[in-house]
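Topology and contacts: notes
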Amino acid sequence: MIRVIQQKDAETIKNICESELGHKTTVALLRQRIEELADNDHYYIMVFENDQTHQVLGFIQAEKYNLLYGGNGWNIIALAVESNAQGRGIGKQLLLSLENYAKKSGYTFIRLNSNTVRTEAHAFYQHLGYQCDKTQKRFIKQITL
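The rules behind each value
- Residues numbered from 1 in each chain as written.
- Predicted model: local features only at pLDDT ≥ 70, side-chain atom pairs only at ≥ 80, totals over all residues.
- Heavy atoms only, no water.
- Helix = DSSP H or I, 4+ residues; strand = E, 2+ residues; numbered from the N terminus.
- pLDDT = per-residue confidence, 0-100.
- Core = buried A, V, L, I, M, F, W, Y, C linked by side-chain atoms within 4.5 Å.
- Buried < 20%, exposed > 50% of the residue type's maximum accessible area, 1.4 Å probe, protein only.
- Contact = heavy atoms within 4.5 Å.
- 1 Å grid on protein atoms, 1.4 Å probe; cavity = no way out; pocket = protein on both sides within 12 Å on 5 of 7 lines; lining within 4 Å.
- Points joined across faces, edges and corners; volume = space filled by probe spheres on them.
- Nonpolar A, V, L, I, M, F, W, Y, C, P; charged D, E, K, R; others polar.

**Side note on the environment of Ala 28**
Here Ala 28 is to be found in helix H2 (residues 27-37). Each C-alpha atom, one on Ala 28 and one on Lys 134, is 36 Å from the other, the two residues being 106 residues apart in sequence.

In structure tokens, the structure reads:
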């Protein structure tokens, strides 16, 4: 079943972030971010929970992406499924849940960035109708506080 992320999911999401996305984090930070973002309508954060075991096996996070010069859409920040649960349609269900939500909300597109080395992810997105429309470089500057 697809449901809204909850505080109790923090440890599992930490493990998925680290093992599947390569992002190191902490349970404490995830609990804080879930508290801040779960009820914020700017974000769409859902998990896939196994109906029998109640184990969280994947999640999706997207944010509203409203263009000054164009339409309104959603930007997928993260979509990940535990490796031992991949190939069961969980990622597809998470993605389709966002697509259905976008349609109901009047949003006209969904976009995402995917690292060039994640070729299996690229094939997954293409299989579900997503098209690569450009190649770009990402620039970031860390701000020290």
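**Focus: the confidence of the model for the chain**
Reading fine detail from the predicted coordinates is not recommended where pLDDT is low. For the chain, the average pLDDT comes to 95, and 100% of its residues sit at 70 or higher. Across the chain, strand S2 (residues 43-49) holds the top mean pLDDT of 98, while helix H4 (residues 119-127) sits lowest at 93.

**A few points about the nonpolar core**
If you look at the biggest cluster of nonpolar residues, it comprises 22 residues, and the most contacted ones within it are Ile 60, Trp 74, Ile 76, Leu 95 and Leu 98. Of all elements in the fold, only S2, strand S3 (56-66), strand S4 (72-81), helix H3 (90-105) and H4 reach the threshold of two or more residues within this core. Here the element with the most residues in this core is H3; it accounts for five residues. Residue contacts for Ile 60: discarding those within four places in its chain leaves Tyr 44, Ile 45, Met 46, Ile 76, Ala 78, Leu 79, Leu 94, Leu 95 and Leu 98. In terms of nonpolar packing, the next biggest core, distinct from the first, is built from 15 residues, Ile 5, Ile 34, Val 47 and Ala 78 among them.

**Looking at the layout of surface pockets**
One number sums up the size of the largest pocket: a volume of about 2,100 Å³. Lining the largest pocket are 46 residues, with Ile 76, Ile 77, Leu 112, Asn 113 and Ser 114 sitting closest to its centre. Elements with a minimum of two residues in the lining of the largest pocket: helix H1 (10-21), H2, S2, S3, S4, strand S5 (109-112) and H4. Here the residues of the lining of the largest pocket sort into 23 nonpolar, 14 polar and nine charged. When its volume is computed, the second largest pocket comes out at roughly 510 Å³. Listed by contribution, the elements that provide at least two residues to the lining of the second largest pocket are S4, H3 and H4. Ranked by residue count, the leading element in the lining of the second largest pocket is H4, at six residues.

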